[in-house]
Amino acid sequence: MKSNYKNFILIAILMLFGFSSVFSQNNKVFKVILDAGHGGKDPGNSYHGFVEKEIALKTVLKVGEFLEKAHGVKVIYTRTSDVFIELVDRPKVANKANANLFVSIHCNSVKNEGPNGTETFVMGLSRHDMNLEVAKKENSVILLEKDYKTKYQGFDPKKPETLIGLTMIQEENLNNSIALASRIQGNFTKKIKRGSRGVKQQPLWVLDAAYMPSVLIELGFLSNKAEGSFLDSEEGQTKMAEQIADAILDYKNKNFEANESKYDYKEKKDSTKKKNSEASVKNTDSADLIYKVQLLASPKKIKLQPSNFKGLKNVSYVFLNNLYRYMYGGTSSFEEAKKLQSEARNVGYLKAFIVNDNEE
């Protein structure tokens, strides 16, 4: 009896979350949660006098200024000053608001000064150890919180095996997250000529706990003196913020409403420039990004032949965390990837989902 009751409660909660997500996507006001990483006793990365928590906050506030000038957009901040916000509370702000997007902004770093470039993360697992280090670093703020062992139910940001449990996310949100991340990276590269490290999937708690499409942006490397200097400047923060806001509004136009938003903060352009701009919005996928469709994960290696994959050809695999992950197809177009996903589902892989297979 108790078991049935618990199952009923679980189903009710899942239905509530589902209705909440649908409701948020149909509100007349498009709600964006802007999350400035770190803060207070958690400075984040600090190199050459550049402090991540300060740069993240200043950039977030500028993104908010741009968005607030657009029609039909409501901006909600997880923090607007130098305060410590527990990681578990950041997505709660988004969930409580029934938001449409959750955007978290950070700065990267490594031990040497060479690496540079922007990268945007969505929820998922990557095959790259360096990306796993990013996950550990961004999740490690948990250790600063009181009663973190109880609150996060045994989750340890230092252990890769505990990160696997964070990969369960609503598939539609993942697809939309990848689409938004692609737009952001495309803007950085094409419009302000920043180096791009691509769109990547990582098991990040702050993304997993949000019920809506979510991305975590690494603006660049503070350990790279030139890039850190750019990100620490008002000019650099303004340029980065404008491209993030532009990508968010492009996403809003395509996914939230049929009519384009009014970009009140932009200067009016002649018809030729407008056509070029519209064309670039439609083609937001970067040639550097490869999308595949994950069919299944298995502890056993399966021979790559169509008869083993319901007739599907062009199947590949990656071995990650003791599992063989089998992928179908490969394309730089997100729209084509969705067609591949439909093909996979039509032959019986009902839980097939899109992943980004970008190599760095």
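Reading guide: rules and limits
- Residues numbered from 1 in each chain as written.
- Predicted model: local features only at pLDDT ≥ 70, side-chain atom pairs only at ≥ 80, totals over all residues.
- Heavy atoms only, no water.
- Helix = DSSP H or I, 4+ residues; strand = E, 2+ residues; numbered from the N terminus.
- Buried < 20%, exposed > 50% of the residue type's maximum accessible area, 1.4 Å probe, protein only.
- Contact = heavy atoms within 4.5 Å.
- Areas by Shrake-Rupley, 256 points an atom, 1.4 Å probe, with all protein chains shown as cover.
- Pairing = 2+ DSSP bridges.
- Arc of directions from axis to C-beta.
- Axes fitted to C-alpha atoms, helices over the stretch in contact; angles between N-to-C directions.
- Parallel < 35°, antiparallel > 145°, perpendicular 65-115°, else oblique.
- Nonpolar A, V, L, I, M, F, W, Y, C, P; charged D, E, K, R; others polar.
- Salt bridge = Lys/Arg side-chain N within 4 Å of Asp/Glu carboxyl O.
- Left-handed = near helix turned anticlockwise from the far one by under 90°.
- Phe/Tyr/Trp six-rings, centres within 6.5 Å; stacked < 30°, edge-to-face > 60°.
- Lys NZ or Arg CZ within 6 Å of the ring centre and 35° of its normal.

Novice: Even after reading the chapter, I still don't get the overall build of the protein, so can you show me in this structure?
Specialist: Each helix and strand in the protein was counted, giving 12 helices and 12 strands. In the protein, which comprises 360 residues, the proportion classed as buried is 51%. Considering only intrachain contacts with a sequence separation of at least 6, the fraction spanning at least 24 residues in the protein is 77%. Here the protein displays about 17700 Å² of accessible surface, and carbon together with sulfur accounts for 53% of that area.

Novice: How should I be thinking about the pairing of strand β1 (residues 30-36) in this particular structure?
Specialist: Working note: regular strand, side chains alternate between the two faces of the sheet. Among the seven residues that make up β1, seven are buried, leaving the element largely enclosed by the rest of the structure. Both faces of β1 are covered, namely the face carrying F30, V32, L34 and A36 and the face carrying K31, I33 and D35. Note that β1 and strand β4 (residues 73-77) share five bridges and pair parallel. Across the sheet, the residue bridging to I33 is I76, located in β4. Looking at chain direction, β1 and strand β5 (residues 101-108) are connected through five bridges and run parallel. Counterpart to I33 in the pairing with β5 is F102.

Novice: Can you walk me through helix α3 (residues 89-96) in this structure?
Specialist: Each turn of an α-helix holds 3.6 residues, which means side chains three or four residues apart point in the same direction. Among all positions in α3, only R90, P91, A94 and N95 are buried. One side of α3 holds all its buried residues, which, seen down the axis, span an arc of 135 degrees. Positive phi shows up at N98, right after α3, with a value of about 50 degrees.

Novice: Hey, could you run me through the sheet that holds β5 in this one?
Specialist: Each strand in a sheet pairs with its neighbour through backbone hydrogen bonds, running either in the same direction (parallel) or in the opposite one (antiparallel). Ordered in space as β4-β1-β5-β8-β6-β7, the six strands form an open sheet in which the pairing is mixed. Edge positions in the sheet fall to β4 and β7 (196-202), since each has one partner strand and no second. Within this sheet the neighbouring strands show an average axis-to-axis angle of 20 degrees, counted without direction. Direction of pairing for strand β6 (residues 118-123) relative to strand β8 (residues 214-221): antiparallel, over a ladder of three bridges. Looking at the pairing, T120 lines up with I217 of β8.

Novice: Got a minute to help me understand the packing of helix α9 (residues 225-232) against helix α10 (residues 234-255) in this structure?
Specialist: Packed helices, taken two at a time, are described by the angle between their axes plus the distance between the axes. In contact at an axis separation of 4 Å, α9 and α10 are set at 80 degrees when each is read in the N-to-C sense. Classified by the angle their axes make, α9 and α10 are roughly perpendicular. Contacts between α9 and α10 involve F230, L231 and D232 from the first element and E234, G236, Q237, K239 and M240 from the second. Split into classes, the residues belonging to the contact of α9 with α10 amount to three nonpolar, two polar and three charged.

Novice: I would appreciate a short explanation of the pattern of salt bridges in the present structure.
Specialist: A side chain of one charge can pair with a side chain of the opposite charge when the charged atoms of the two come close. Applying the stated rule across the entire model yields 12 salt bridges. Between K53 and D82 there is a salt bridge, with the nearest N and O atoms lying 3.1 Å from each other. Remark: D82 occurs in the loop between β4 and α3 and K53 occurs in helix α2 (residues 52-68); sequence separation between them is 29 residues. Judged by relative accessible area, which is 47%, D82 ranks as partly exposed. Measuring nitrogen to oxygen at the nearest pair gives 3.6 Å for the salt bridge that ties E234 to K62. Placement of the pair is E234 in helix α10 and K62 in helix α2, with a sequence separation of 172 residues. When its relative accessible area of 16% is taken as the criterion, K62 is described as buried. Each of E119, R197 and K200 takes part in one network of salt bridges that share partners.

Novice: It is not clear to me how the packing of α2 against α10 should be interpreted in this structure. Could you clarify?
Specialist: In contact at an axis separation of 8 Å, α2 and α10 are set at 50 degrees when each is read in the N-to-C sense. The orientation of α2 with respect to α10, classified from their angle, is oblique. With respect to the hand of their crossing, α2 and α10 are arranged in right-handed fashion. Each of I55, K58, T59, K62, V63, F66 and L67 in α2 lies in contact with α10, whose residues at this interface are E234, Q237, T238, A241, E242, I244, A245, I248 and L249. Considering only residue class, the contact of α2 with α10 consists of nine nonpolar, three polar and four charged.

Novice: Any chance you could explain the packing of aromatic side chains here in plain terms?
Specialist: Overall, the coordinates contain eight aromatic pairs when judged by the stated rule. With 6.4 Å between their ring centres and 50 degrees between their planes, F30 and Y251 make a pair best called tilted. Placement of the pair is F30 in strand β1 and Y251 in helix α10, with a sequence separation of 221 residues. In this pair, the class of F30 matches that of Y251, namely buried. A ring pair is formed by Y317 and Y326, whose centres lie 5.8 Å apart and whose planes are at 50 degrees; its orientation type is tilted. Linked through ring pairs, F309, Y317, F319, Y324 and Y326 together constitute an aromatic cluster. Positioned above the aromatic ring of F84 is the side chain of K41, whose terminal nitrogen or guanidinium carbon lies 4.8 Å from the ring centre. Its guanidinium or amino end placed over the ring of Y349, K310 lies 5.3 Å from that ring's centre, counting from NZ or CZ.

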